[in-house]
Amino acid sequence: MLALMAALPEELGSLRAALDAPAVHHHAGREFTTGRLDGYEVVLVLARIGKVAAAITATLAVERFGAQAVIFTGVAGGLHREARVGDIVVARELLQHDLDASPLFPRHEVPLTGRARFATDAVLSDALALAAQEALAIESQALAASWATLGIVAPRVHEGLVVSGDRFVATALESEALRHELPDALAVEMEGAALAQVCHDCDLPFAVLRSISDRADEQAHVDFGRFLREVAGPMSAAVVRRWLFS
Ligand code: ADE
């Protein structure tokens, strides 16, 4: 059983619509939908927003629904100068940028794990990165009009560090501080590193796929709702389904 999680409904909608034999289960205020997607047993669930919400959802997907691998898709703010709106980031490592138990433990280290950075599953991430490259090429015609009106030019796929925290980063001051502290961070979001910690503890493979929706500063230069509906949602679904077909 594969768990597919997202923070926002626009990112799961078209995957849910493609499910065979969907069955809805309500638990802990969440709606888990089980079914078959392109021949694979999956459970789809909205994680809600933030690290605690993501950790609860992932734990339930594993413990209640028997998930043996977890994929999180969603949007993120671009930190690295190369991570532009419309680009796709496949996480290779995740870190909680707001975790600080110093001086007991080094800054960012998850106490008692001995690490701050958690690696995603290499096989899953390789396959998702390839699927993302292919999906960008294939969807470019269908999405060209949306990309143009949202100011997106030739989106690319990046792989590397994604950082998570319980804060929507919306000032240049904060994103600059994150860039300074974690120069290799590609993007910031609010759930991925929590999923990483759960999957580390449960010894399960996981991957995180993000579309860059903003530059984590004051300039909301894209229409967030439209970006989700017209770009991030369809791209997430296209990438996941290409990966399942591969
Ligand atoms: N998700 C999308 N954009 C984000 C941002 N700027 N900060 C945190 N999470 C995000």
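Reading guide: rules and limits
- Within every chain, residues take consecutive numbers counted from 1 along the sequence as written.
- Note on the predicted model: pLDDT of at least 70 is required for a residue's local features to be given, and 80 or more for side-chain atom pairs to be given and counted; whole-chain, interface and lining totals, by contrast, use all residues.
- UniProt positions are given in the numbering used here, feature names are shortened, and annotations may be inferred rather than shown by experiment.
- Runs of E in the DSSP output that reach at least two residues are strands. Runs of H or I that reach at least four are helices, and both are numbered from the N terminus.
- Burial is judged by counting other C-beta atoms within 10 Å of a residue's own C-beta: 20 or more means buried, 12 or fewer means exposed, and anything between counts as partly exposed, with every C-beta placed from the backbone.
- Note on contacts: residues are paired as contacts if their backbone-placed C-beta atoms lie within 7 Å.
- In this analysis, residues qualify as near a molecule or strand once their C-beta atom, positioned from backbone atoms, comes within 6 Å of it.
- Basically, the charged four are Asp, Glu, Lys and Arg, the nonpolar ten are Ala, Val, Leu, Ile, Met, Phe, Trp, Tyr, Cys and Pro, and anything else, Gly included, counts as polar.
- Note on pairing: two strands pair once DSSP finds at least 2 bridges between them.

- As recorded in an unreviewed UniProt entry, the chain goes by the name adenosylhomocysteine nucleosidase, listed as coming from Rivibacter subsaxonicus.
- Listed under Pathway (unreviewed entry) in UniProt, the entry text for the chain is "Amino-acid biosynthesis; L-methionine biosynthesis via salvage pathway; S-methyl-5-thio-alpha-D-ribose 1-phosphate from S-methyl-5'-thioadenosine (hydrolase route): step 1/2."

### Concerning the environment of Arg30
Now for step 1: Positionally, Arg30 belongs in strand β3 (residues 30-37).
Now for step 2: By C-beta crowding, Arg30 is classed as partly exposed, having 17 other C-beta atoms within 10 Å.
Now for step 3: For the pair Arg30 and Val45, spaced 15 residues apart in sequence, the C-alpha to C-alpha distance is 7.2 Å.
Now for step 4: When near neighbours in sequence (up to four residues on either side) are disregarded, Arg30 contacts Val45, Leu46 and Thr57.

### Brief notes about the site of the ligand
Now for step 1: Around the ligand lies a shell formed by Val75, Ala76, Gly77, Phe168, Val169, Ala170, Val188, Glu189, Met190, Ser213, Asp214 and Ala216.
Now for step 2: Only β5 (69-78), β9 (185-189) and β10 (206-214) provide two or more residues apiece to the shell around the ligand.
Now for step 3: Top contributing element to the shell around the ligand by residue count: β5, with three residues.
Now for step 4: The residue makeup of the shell around the ligand, split by class, is eight nonpolar, two polar and two charged.

### Thoughts on the pairing of strand β8 (residues 157-164)
Look at any regular strand and the pattern is simple: side chains alternate between the two faces of the sheet.
Now for step 1: Strand direction decides the pairing type here: strand β6 (residues 88-96) and β8, joined by eight bridges, are parallel. Within β8, the residue paired with Leu95 across the bridge is Val163.
Now for step 2: Two strands pair when backbone bridges link them, and β8 and β9 are joined in this way by four bridges, in the parallel orientation. Of the residues in β9, the one forming a bridge with Val162 is Ala187.

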